[in-house]
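Okay, here's what each chain looks like letter by letter:
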Amino acid sequence: MSMNAKRHVRLSLAWLTLLIFWAGGRVSAQVTPDRVERVAEVLEELIETYGVSGDEERVRDVVVRQLPEWAEPEIDDVGNLWVRAGQGDPVVVFIAHLDEVGFQITEILADGTAQLRTRGGFYPSLWEATPALIHTGAGPVPAIFMPRDTVADPPARRPPDGFRLSAGTATRAATEALGIRVGDTVSNPKEFVRLGATRATARSFDDRAGSTAQLLAVQALDLDALDHEVIFIWSVQEEAGLVGAGVAADAPGFTPARVHAIDTFVSSAAPIDRQNFAYAPLGSGPVARGVDSSSVTPRAVLDAFLELAEGHALPLQVGATNGGTDGTPFRDWGVPHMPFGWPLRYSHSPVELIDLEDVVVLVDLIKLVAEEW
């Protein structure tokens, strides 16, 4: 096939998967106020537990603590959490990641400030001149992300050179006396905030919402309904390069029949975005990724998923977006990969926005796929 022909096929698939489908109206009949509150309760604890990429142990502990009694959690060499249910083929994998974007200290300077590197992809200027939180071995230490020394044009789009923080000290020794060390992770203080009946804002819905939906689906799983093995993985260091997922995909003798990354759908449903790409309205249900920057979902897999959701009157959107997911390393082994998640506004910012009803339906979809597909 020529390069032009290949490009035409890729573009055709991308436009095809921009079509939005939903079954049963705006929300599912299974969405009740009690279920919205349950999602909010679990999500709030996960959101307000810090876990920059490479420092996810605290978040993993929250998930482990809420697993059902039947679960036998396994932690692999890099820190991924595995839970297995059922036996036999086909083996189906769900994977959500535990980490969040943030920073890591690379050097403590003579004037007491600390040099930072990013952990994950985002705009550092969104954090500039805001409160910071250094996650030390002895606990969090407050600080500030320092404003830039020179004015750029335009200042909101050009990242500062040499991004640094200050804990209010004037020497390296004074900074180290606070317990701050090279390698410590850094984020901003965050809080889960409800907006109206079903909306919420916070930082790190990516991927705490996916981790929440996967956890609640495991809690609700009917083990007697399983006629094959289902594996749930909460991975580490997704934002830093799919590190945990790479280790899981490369596990000896492990080749699942299908993998579903439960992750954000970065939506253009925001006032300033052009809505001819990645448009998935909040509150219209979860989203299956037809195409993203690293993979194309096989059409047969996508069609079967749509049929399953429609048969149970669960609202489901389909779209194409940028980015990749933890399913990408499995693709290299020939494993069919179809991510699905929830629509998110303002991804990787301090004010991510979701609709909690979408997460309730996402729980139902994970459970449905595990038990019936």
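About the cut-offs
Residues numbered from 1 in each chain as written. Predicted model: local features only at pLDDT ≥ 70, side-chain atom pairs only at ≥ 80, totals over all residues. Heavy atoms only, no water. Pairing = 2+ DSSP bridges. Helix = DSSP H or I, 4+ residues; strand = E, 2+ residues; numbered from the N terminus. Axes fitted to C-alpha atoms, helices over the stretch in contact; angles between N-to-C directions. Phe/Tyr/Trp six-rings, centres within 6.5 Å; stacked < 30°, edge-to-face > 60°. Buried < 20%, exposed > 50% of the residue type's maximum accessible area, 1.4 Å probe, protein only. Lys NZ or Arg CZ within 6 Å of the ring centre and 35° of its normal. Contact = heavy atoms within 4.5 Å. Polar contact = N/O pair within 3.5 Å; in protein donor to acceptor, adjacent residues only side chain to side chain. pLDDT = per-residue confidence, 0-100. Parallel < 35°, antiparallel > 145°, perpendicular 65-115°, else oblique. Left-handed = near helix turned anticlockwise from the far one by under 90°. Nonpolar A, V, L, I, M, F, W, Y, C, P; charged D, E, K, R; others polar. Salt bridge = Lys/Arg side-chain N within 4 Å of Asp/Glu carboxyl O.

Turning to the sheet that holds strand β7 (residues 139-145), a few remarks are in order. Spatially, six strands are ordered β4-β5-β8-β7-β6-β9 in a closed barrel, and the strand pairing comes out antiparallel. Neighbour-to-neighbour, the strand axes of the sheet open up by a mean angle of 45 degrees, direction not taken into account. Judged from the three bridges that link them, strand β6 (residues 131-136) and strand β9 (residues 185-187) form a sheet pairing that is antiparallel. Bridge assignment links Ile-134 to a residue of β9, and that residue is Val-186.

Glancing now at the packing of aromatic side chains. Counted under the stated rule, the structure contains 12 aromatic pairs. Measuring from centroid to centroid gives 5.2 Å for Phe-103 and Phe-163, while their planes differ by 20 degrees, and the two rings are stacked. Of this pair, Phe-103 sits in strand β4 (residues 102-108) while Phe-163 is found in the loop between β7 and β8 (164-166), placing the two residues 60 residues apart along the sequence. Among the residues examined, Phe-103 registers a relative accessible area of 1% and is labelled buried. When the centroid spacing of 5.9 Å and the interplanar angle of 10 degrees are considered together, the rings of Phe-305 and Trp-373 count as stacked. On the criterion of sequence distance, the pair formed by Phe-305 in helix α7 (residues 299-311) and Trp-373 in the segment after α9 (356-372) is long-range, its members being 68 residues apart. Each member of the aromatic cluster is reached from another via a ring pair, and the members are Phe-103, Phe-122, Trp-127, Phe-145 and Phe-163. Above the plane of the ring of Tyr-50 lies Lys-190, whose end atom (NZ or CZ) is 5.2 Å from the centre. Here Arg-258 stacks its cationic end above the ring of Trp-373, 3.9 Å away from the centre of that ring.

Looking at the element boundaries, Glu-352 is found in strand β19 (residues 352-355). For Glu-352, a relative accessible area of 1% puts it in the buried group. When near neighbours in sequence (up to four residues on either side) are disregarded, Glu-352 contacts Ala-200, Thr-201, Ala-202, Arg-203, Ser-204, Phe-205, Asp-206, Leu-344, Arg-345, Tyr-346 and Ser-347. Here the side chain of Glu-352 touches Phe-205 through a polar contact of 2.7 Å, landing on its backbone nitrogen.

Scored by pLDDT, the protein comes out at a mean of 89, with 89% of its residues at no less than 70. Note that residues 1-26 has pLDDT below 50 and, in this model, 45 contacts with residues that lie over four places away or in other chains.

The next thing to look at is the packing of helix α5 (residues 205-220) against α9. Packing of α5 against α9 leaves a shortest axis separation of 8 Å and a crossing angle of 50 degrees. Put simply, α5 runs oblique to α9. The two elements α5 and α9 meet at a crossing, and its hand is right-handed. Facing Ala-209, Ala-213, Gln-214, Leu-216, Ala-217 and Ala-220 of α5, the residues of α9 in contact are Val-359, Leu-362, Val-363, Ile-366, Lys-367 and Glu-371. Each residue belonging to the contact of α5 with α9 can be placed in one class, and the counts come to nine nonpolar, one polar and two charged.

In this section: the pattern of salt bridges. Under the definition given, this model contains 16 salt bridges. Notably, a salt bridge pairs Glu-100 with Arg-203, separated by 2.7 Å at the nearest N-O pair. Of this pair, Glu-100 sits in the loop between β3 (92-97) and β4 while Arg-203 sits in the loop between β11 (199-202) and α5, and the two are 103 residues apart along the sequence. The exposure class assigned to Glu-100 is buried, which follows from its relative accessible area of 0%. In this structure, the salt-bridge partner of Asp-292 is Arg-289, at a minimum N-O distance of 3.0 Å. With respect to class, Asp-292 is no different from Arg-289; both count as buried. Residues joined by salt bridges that share partners form a network here, namely Glu-100, Lys-190, Arg-203 and Arg-208.

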